[in-house]
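Remarks on the overall topology
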Amino acid sequence: MTRRTVRIAMNGVTGRMGHRQHLVRSVLALREQGGLDLGDGEVLWPEPVLVGRRGHALAELAGRYGLDEWSTDLDAVLADPSVEVYFDAQVTVAREEALRRAIAAGKHVYAEKPAASDLAGALELARSARAAGVRHGVVQDKLFLPGLRKLKRLVDGGFFGHVLSVRGEFGYWVFEGDWQEAQRPSWNYRAEDGGGIVADMFPHWEYVLHELFGPVRSVQALATTHIPRRRDERGEPYAATADDAAYSVLELDGGIVAQINSSWAVRVARDELLEFQVDGTEGSAVAGLRGCRVQHRSVTPKPVWNPDLPAGDSFREQWQEVPDNGEFDNAFKAQWEHFLRHVARGTPFPWDLVAGARGVQLAELALASSAGGRRMAVPELSL
Ligand SMILES: NC(=O)c1ccc[n+]([C@@H]2O[C@H](COP(=O)([O-])OP(=O)(O)OC[C@H]3O[C@@H](n4cnc5c(N)ncnc54)[C@H](O)[C@@H]3O)[C@@H](O)[C@H]2O)c1
């Protein structure tokens, strides 16, 4: 076995996603398993170079994980020819500019979603990455969750027959920050700082629907701000200027109708924080982050509407759990492995900046739909 080091500039690693999911559970987890075995006698060894604005926070992180390198000078890191990959998990508004600089410096780039703040910017990034000949990717972690992998397996196995509809329910109560601390950063609730549930979640809905069921052809959404005032990380009150809930209907290729509710102002009575129910002519499924249960046509009971009597059967118990039939790794790490193979070996990686731009496009159209009170067609993107 030979070992090849790949140096990765990681920006935004002091944040929620950058720290836990990308640094610890992906890149450091890969090192703990001895690197990424490329299967041809070579092992890829990721070497993170932590990048950010606050030196003391980076030094503390580096010390905690036994890493040698950190810097507050992005340009100097990008000028270092030994750094091959630039990764970005900064706040959304800071992403586009940093990615542009990384692409100009000839780095392969991998980034959290949304890839940019608007469609024009996302497309420009995709174009410049293509022109520069660098490899590029955008995080689409939900595709690698056990529940959605099982759902994809059902689709691929023809379980549903003809898919009729998809209903997605996402959300939980995000505390306002007054009597209990909010569990999400306050910028998420300020439009001027890149916040909003549509900008945050519609990129996910785009790739989930696209990859499992087909491209989205139209969107109709109603976005709203249910909780207009919150308190920030320092306990200071602020105006929540961004949408915290969105109710949407989307049409997919082939006439599939998807409805997705996204809300940070609902209390959970589901099994999981995100669930999709898929109904098809041959069977139905409910998939969450980890679990997935099904009901086939052959075992579908015949409920009869009669509110005069208590419901006799437990409808929940009439569903069958889909077995794991395999091991599921952390979803972010699974996608990192694909991306690093793509960088090292050029293996296919469909979740690129063009795919990322589709997510930004859907969010933008959903907000336009909400503002104008109309259904928006989703045109196919061309670079
Ligand atoms: N894939 C997912 O499931 C998922 C989930 C949550 C967030 N995200 C995305 O990840 C990104 C980061 O989100 P987060 O929840 O980790 O945010 P966070 O606020 O916890 O972290 C933001 C990071 O960006 C840095 N930063 C850079 N410039 C900044 C600026 N001008 N102001 C404030 N911070 C700045 C912060 O220091 C920090 O390291 C966002 O783009 C978000 O859309 C993705």
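Quick look at the structure, then. Keep in mind that this is a model prediction, so the values were computed, not measured.

Reading the values: rules and limits
Residues numbered from 1 in each chain as written. Predicted model: local features only at pLDDT ≥ 70, side-chain atom pairs only at ≥ 80, totals over all residues. Heavy atoms only, no water. Near = heavy atom within 4 Å. Polar contact = N/O pair within 3.5 Å; in protein donor to acceptor, adjacent residues only side chain to side chain. Areas by Shrake-Rupley, 256 points an atom, 1.4 Å probe, with all protein chains shown as cover. Helix = DSSP H or I, 4+ residues; strand = E, 2+ residues; numbered from the N terminus. Nonpolar A, V, L, I, M, F, W, Y, C, P; charged D, E, K, R; others polar. 1 Å grid on protein atoms, 1.4 Å probe; cavity = no way out; pocket = protein on both sides within 12 Å on 5 of 7 lines; lining within 4 Å. Points joined across faces, edges and corners; volume = space filled by probe spheres on them. Buried < 20%, exposed > 50% of the residue type's maximum accessible area, 1.4 Å probe, protein only. Salt bridge = Lys/Arg side-chain N within 4 Å of Asp/Glu carboxyl O.

Turning to the site of the ligand, a few remarks are in order. Taken together, 23 residues surround the ligand, and among them T14, R16, T92, R95 and W187 come closest. In this structure, an oxygen atom belonging to the ligand sits 2.8 Å away from a main-chain N or O atom of R16. Separating a nitrogen atom of the ligand from a side-chain N or O atom of D141 is a distance of 2.9 Å. Out of a free accessible area of 840 Å², the ligand has 82% covered by protein chains. Listing elements by their share of the shell around the ligand, those giving two or more residues are α1 (16–32) and α7 (197–212). Split by residue class, the shell around the ligand holds 8 nonpolar, 6 polar and 9 charged.

Time to look at empty space enclosed by the protein. Tallied over the full model, the rule gives 1 cavity of 30 Å³ or more. For the largest cavity, the calculated volume is near 50 Å³. Those elements giving two or more residues to the lining of the largest cavity turn out to be α7 and α9 (353–372). A breakdown of the residues in the lining of the largest cavity according to their chemical character gives 5 nonpolar, 3 polar and 2 charged.

Before going further, it helps to spend a moment on the layout of surface pockets. By volume, the second largest pocket amounts to about 490 Å³. Lining the second largest pocket are 25 residues; nearest its centre among them are R167, Q277, V286, R293 and W319. Contributions of two or more residues to the lining of the second largest pocket are made by β8 (163–171), β12 (245–252), β13 (257–263), β14 (274–280), β15 (283–287) and β16 (292–296). The class makeup of the residues in the lining of the second largest pocket is 7 nonpolar, 11 polar and 7 charged.

What follows covers the environment of W179. Position of W179 relative to the elements: it lies in the loop between β8 and α7. On the accessibility criterion, W179 (62% relative accessible area) is exposed. When the C-alpha atoms of W179 and V49 are compared, they prove to be 38 Å apart, with 130 residues separating the residues in sequence.

A few words on the environment of P46. In this structure, P46 sits in strand β3 (residues 42–51). C-alpha of P46 to C-alpha of F349: the two residues are 303 residues apart in sequence and 19 Å apart in space.

Counted by the stated rule, this structure contains 29 salt bridges. Between R230 and D244 there is a salt bridge, and its shortest N-O distance comes to 4.0 Å. Note that R230 is positioned in strand β10 (residues 229–231) and D244 in the loop between β11 (237–239) and β12, a separation of 14 residues in sequence. A salt bridge links R375 to E251; the shortest N-O distance between them is 2.7 Å. Of the two residues, R375 is situated in the loop between α9 and β18 (376–377) and E251 in strand β12; the sequence distance between them amounts to 124 residues. Since its relative accessible area comes to 33%, E251 is described here as partly exposed.

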